[in-house]
Amino acid sequence: MRYLIISILILIAPIKEKEIVHATVYNAVVEQTNSDPGHTASMFKLDLSNPYKHRIIAVSRDLLIKFPMGTKVMVSGTGKYDGEWIVNDKMNKRYSKRIDLLININMSIGNWKSVELTKIN
């Protein structure tokens, strides 16, 4: 009976989508985006005076399958940028297994090789 209960719990427990990725940061400026830094690839309109408040990440195109636009994710392994973010942008096609955290210009940059990205919705 105990094994049956454990088996049922395993079947109904949500499976968390996780990936270990390389994470960096970017700013909403023409040099780091496209010619329209005020909008993400999903056409989300940014508050350019404080884009960090939106908690947006860009993901490499290979990750869009598991983490499509609008997906809420938990980022772990960056230290001060850990927490809940939303996928609302995509990276240049030359990248894979990678995310970019949108931050304000005056915030400290970072580059982390092993960050855990977990789907939370």
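Here, the structure is the one placed above.
Below, the structure is looked at part by part. Not measured: the values here are computed from a predicted model.

Each value, and the rule that gives it
- Residues numbered from 1 in each chain as written.
- Predicted model: local features only at pLDDT ≥ 70, side-chain atom pairs only at ≥ 80, totals over all residues.
- Heavy atoms only, no water.
- Pairing = 2+ DSSP bridges.
- Helix = DSSP H or I, 4+ residues; strand = E, 2+ residues; numbered from the N terminus.
- Axes fitted to C-alpha atoms, helices over the stretch in contact; angles between N-to-C directions.
- Buried < 20%, exposed > 50% of the residue type's maximum accessible area, 1.4 Å probe, protein only.
- Core = buried A, V, L, I, M, F, W, Y, C linked by side-chain atoms within 4.5 Å.
- Contact = heavy atoms within 4.5 Å.
- Polar contact = N/O pair within 3.5 Å; in protein donor to acceptor, adjacent residues only side chain to side chain.

## Remarks on the sheet that holds strand E6 (residues 111-119)
Consideration 1: On the basis of which strands lie adjacent, the closed barrel formed by 6 strands has the order E1-E5-E2-E4-E3-E6 and mixed pairing. Across the sheet, the axes of successive neighbouring strands diverge by a mean angle of 45°, strand direction being ignored.
Consideration 2: As paired elements, strand E2 (residues 56-59) and strand E4 (residues 83-90) share 4 bridges and run parallel to each other. Considered in E4, the bridge of Ile56 is made with Ile86.

## Some thoughts on the pairing of strand E5 (residues 98-102)
Consideration 1: Counting buried residues along E5, 5 of its 5 residues qualify, which places the element largely inside the surrounding structure.
Consideration 2: Alternating residues of E5 divide into Arg98, Asp100 and Leu102 and Ile99 and Leu101, and every residue in both groups is buried.
Consideration 3: Taken together, the 5 bridges between strand E1 (residues 18-26) and E5 define a ladder with parallel strand orientation. Along E5, the bridge assignment pairs Tyr26 with Leu102.
Consideration 4: Where E2 and E5 come together, 3 bridges link them in antiparallel fashion. Residue pairing across strands places Ala58 opposite Asp100, the latter belonging to E5.

## Quick word on the nonpolar core
Nonpolar side chains in soluble globular proteins generally cluster together in the buried interior.
Consideration 1: Core analysis: the largest hydrophobic core is formed by 18 residues, its most contacted members being Ile57, Val73, Val75, Ile99, Leu101 and Leu117.
Consideration 2: For this core, the elements supplying multiple residues, two or more each, are E1, E2, strand E3 (72-76), E4, E5 and E6.
Consideration 3: With residues near it in sequence (within four places) discarded, Ile99 still touches Val21, His22, Ala23, Thr24, Ile57, Ala58, Val59, Leu63, Val75, Met91, Val115 and Leu117.
Consideration 4: Counting 7 residues, the second-largest nonpolar core is a separate cluster that includes Tyr26, Ala28, Leu46 and Ile56.

## Looking at the side chain of Asp100
Consideration 1: Position of Asp100 among the secondary structure elements: in strand E5.
Consideration 2: In this structure the side chain of Asp100 is engaged in a polar contact, spanning 2.3 Å, whose partner is the side chain of Thr24.
Consideration 3: If we ignore the near neighbours within four places in the chain, the residues touching Asp100 are Thr24, Val25, Tyr26, Ile56, Ile57, Ala58 and Met91.

## Examining the pairing of E6
Consideration 1: By the bridge criterion, 6 bridges tie E1 to E6 in an arrangement that is antiparallel. Note that in E6 the partner of Thr24 across the bridge is Asn111.
Consideration 2: Here E3 runs beside E6; their pairing, made up of 4 bridges, is antiparallel. In the sheet register, Met74 faces E6, and the bridge partner there is Thr118.

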